[in-house]
Amino acid sequence: MINLLLCGNNKFFDGALTQLISIKNRTDEAINCYIFTMDASRLNREYISMTDEQIDFLNYVIKSKNYKSKVTKIDVTKTYEREFFKCANEKAYCTPYTLLRLLADLIPGMPDKLLYLDIDIMVGKNISMLYNIDIKGYEYAAVREKYGSKIIRPDYINAGMLLLNMKKIRETKLLEKARELIRTKKMLFADQDAIFKVTTKKLLLPRIYNEQSSFKRKDTVICHFCKRLLILPYPRIENFKQWNVEEVHNILKCHYFDDDLEEYLNLKQEFELKGKEAMVGG
């Protein structure tokens, strides 16, 4: 079984749906997906937890390939408030949901090996290729950040994909140290900087495990639709996500995930129809 960790709010549904579709379409092994969510409406009224209806639908989708797969919602609101309430990085470059991965060692029942993925990721190969990498002796495995490794330090990581050795992390207290930094020191890239600064030992992986630039490499295992610099027809920064299907096709020129995205559009329509029927029935 592959243990997966995702984090987000109810707006995260499209990312979770597209990502899990891409995983189940290429992986026969059962997927045990934990989703950390919380109500952070005190910061923004749109920061609402993922709904039970969304979780139920994701379960329906992931179980269609392997009935042993499951999606589990874990509300970490109380834990977040205890650790990060009005901290120095609560209003960082991204939403506070990026900080939720730093709570993994505080949640009972988390497995000793856990694959964290940002929501703006699609999986291009069998995810077992990544999950089964041996990380004994390392706190985690990651890929270099495409810009930060040139500007900050050669070994600076992109934290959008982290293969976590939770047993080792509990021993070294990596996440505990990262949370302390988050509470006390303002950092440009918040959680990513905190993890990098307190790391004892990490395994750097080839870019195919977190491809942040090219969408045409056929050997890519993890395709990360993060912010990127596009040169043509003029230099600019774009931030199109996989669920922005038209832009993925026409601007990023990515067609590798066409079957996945067509399935996503059909399933999203099915989910919305069920929601309307429930409202009428209610």
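This is a predicted model, so every value here is computed, not measured. (Residues numbered from 1 in each chain as written. Predicted model: local features only at pLDDT ≥ 70, side-chain atom pairs only at ≥ 80, totals over all residues. Heavy atoms only, no water.)

Enquirer: Quick question: what am I supposed to make of the state of the cysteines here?
Expert: Chemically, a disulfide is nothing more than a covalent bond linking the sulfur atoms of two cysteines. The final tally for this structure, using the stated rule, is zero disulfides. The thiol sulfur of Cys226 is not disulfide-bonded, and the nearest other cysteine sulfur, from Cys223, lies at 8.8 Å. Residue Cys226 is classed as buried on the basis of its relative accessible area of 10%. (Disulfide = S-S within 2.5 Å. Buried < 20%, exposed > 50% of the residue type's maximum accessible area, 1.4 Å probe, protein only.)

Enquirer: Just checking my understanding: could you explain the packing of aromatic side chains for this structure?
Expert: Between two aromatic rings, the relevant description is the distance of the centres plus the angle of the planes. For the coordinates displayed, the defined rule picks out nine aromatic pairs. With a centroid separation of 5.1 Å and an interplanar angle of 80°, the aromatic rings of Tyr256 and Phe257 are classed as edge-to-face. Residue Tyr256 is classed as partly exposed on the basis of its relative accessible area, which comes to 35%. Since its relative accessible area comes to 4%, Phe257 is described here as buried. Three or more aromatic residues joined by ring pairs make a cluster, and in this case those are Phe13, Phe57, Tyr60 and Phe271. Geometry around Tyr138 places Lys201 over its ring, the cationic atom sitting 5.1 Å from the centre. Positioned above the aromatic ring of Tyr60 is the side chain of Lys274, whose terminal nitrogen or guanidinium carbon lies 4.5 Å from the ring centre. (Phe/Tyr/Trp six-rings, centres within 6.5 Å; stacked < 30°, edge-to-face > 60°. Lys NZ or Arg CZ within 6 Å of the ring centre and 35° of its normal.)

Enquirer: What exactly am I supposed to notice about the environment of Glu145 here?
Expert: Looking at where Glu145 falls in the secondary structure, it is placed in the loop between strand 6 (140-144) and helix 5 (148-151). Judged by its relative accessible area of 12%, Glu145 falls in the buried class. Each C-alpha atom of the pair Glu145 and Lys125 lies 21 Å from the other, and the pair is 20 residues apart in sequence. Glu145 has contacts with Tyr156, Ile157, Asn158, Gln192 and Gln212, leaving out every residue within four places of it along the chain. There is a polar contact of 2.6 Å between the side chain of Glu145 and the backbone nitrogen of Gly148. (Helix = DSSP H or I, 4+ residues; strand = E, 2+ residues; numbered from the N terminus. Contact = heavy atoms within 4.5 Å. Polar contact = N/O pair within 3.5 Å; in protein donor to acceptor, adjacent residues only side chain to side chain.)

Enquirer: Could you clarify how one ought to interpret the pattern of salt bridges in this entry?
Expert: Side chains that carry opposite charge are capable of pairing whenever their charged atoms lie near each other. Tallying each qualifying case throughout the model produces 21 salt bridges. Here Glu263 and Lys24 are joined by a salt bridge, their closest N and O atoms 2.6 Å apart. Linking Glu263 in helix 10 (residues 258-281) with Lys24 in helix 1 (residues 13-24), this pair joins segments that are 239 residues apart in sequence. Linking Lys73 and Asp52 is a salt bridge whose minimum nitrogen-to-oxygen distance equals 3.1 Å. Remark: Asp52 occurs in helix 2 (residues 52-63) and Lys73 occurs in strand 3 (residues 70-75); sequence separation between them is 21 residues. (Salt bridge = Lys/Arg side-chain N within 4 Å of Asp/Glu carboxyl O.)

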